[in-house]
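Secondary and tertiary structure notes
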Amino acid sequence: MNLCVNCKQGTCFLSSKEDSEASHTGVYIFDYVDKFIEDIGAQNVVQVVTDNASNNMAATDLLKIKRPNIFWTSCGTHTSNLKLEGIGKQSK
């Protein structure tokens, strides 16, 4: 998992975690992201962007409860790819 920060100065790498042995549940992802929100200061975070895998969407639900002022949104590129994949699977 990689975390990057985007601000008016640009985008920078914040953290990377190689933990392929762990089960990346919604709680696991939420805890990882929330730790950095805490470190950065929730008042400095506006939005979290991930793909829309079910574990990320579960983390979204937890974030909405703990930090209702922070938006967690799906990556537009991932969403577009899923839409195009669905269109490609339709019969003619």
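Residues numbered from 1 in each chain as written. Predicted model: local features only at pLDDT ≥ 70, side-chain atom pairs only at ≥ 80, totals over all residues. Heavy atoms only, no water.

Some points on the overall build of the chain
- A tally of helices and strands in the chain yields 3 helices and 4 strands.
- Shown N-terminal to C-terminal, the secondary structure of the chain runs as helices and strands in the order β-β-α-β-α-β-α.
- Residues classed as buried in the chain amount to 24% of the 92 residues present.
- Sequence-distant contacts in the chain: of pairs separated by 6 or more residues, those separated by 24 or more amount to 53%.
- Working note: accessible area of the chain is about 6,600 Å², and carbon and sulfur atoms make up 55% of it.
- Within the chain, one finds 9 positive and 10 negative side-chain charges whose respective centroids are separated by 10 Å. (Helix = DSSP H or I, 4+ residues; strand = E, 2+ residues; numbered from the N terminus. Buried < 20%, exposed > 50% of the residue type's maximum accessible area, 1.4 Å probe, protein only. Contact = heavy atoms within 4.5 Å. Areas by Shrake-Rupley, 256 points an atom, 1.4 Å probe, with all protein chains shown as cover. Lys, Arg positive; Asp, Glu negative; His and termini not counted. Charge placed at Lys NZ, Arg CZ, Asp CG, Glu CD.)

Examining the state of the cysteines
- Counted by the stated rule, this structure contains 0 disulfides.
- You can see C7 has no disulfide; the closest cysteine sulfur is in C12, sitting 6.2 Å from it.
- For C7, a relative accessible area of 38% gives the class partly exposed. (Disulfide = S-S within 2.5 Å.)

Some thoughts on the side chain of N56
- With respect to the element layout, N56 can be found in helix α2 (residues 54-66).
- A polar contact of 2.6 Å, which involves the side chain of N56, links it to the side chain of D51. (Polar contact = N/O pair within 3.5 Å; in protein donor to acceptor, adjacent residues only side chain to side chain.)

In short, shape yes, function no, at least from these values alone.
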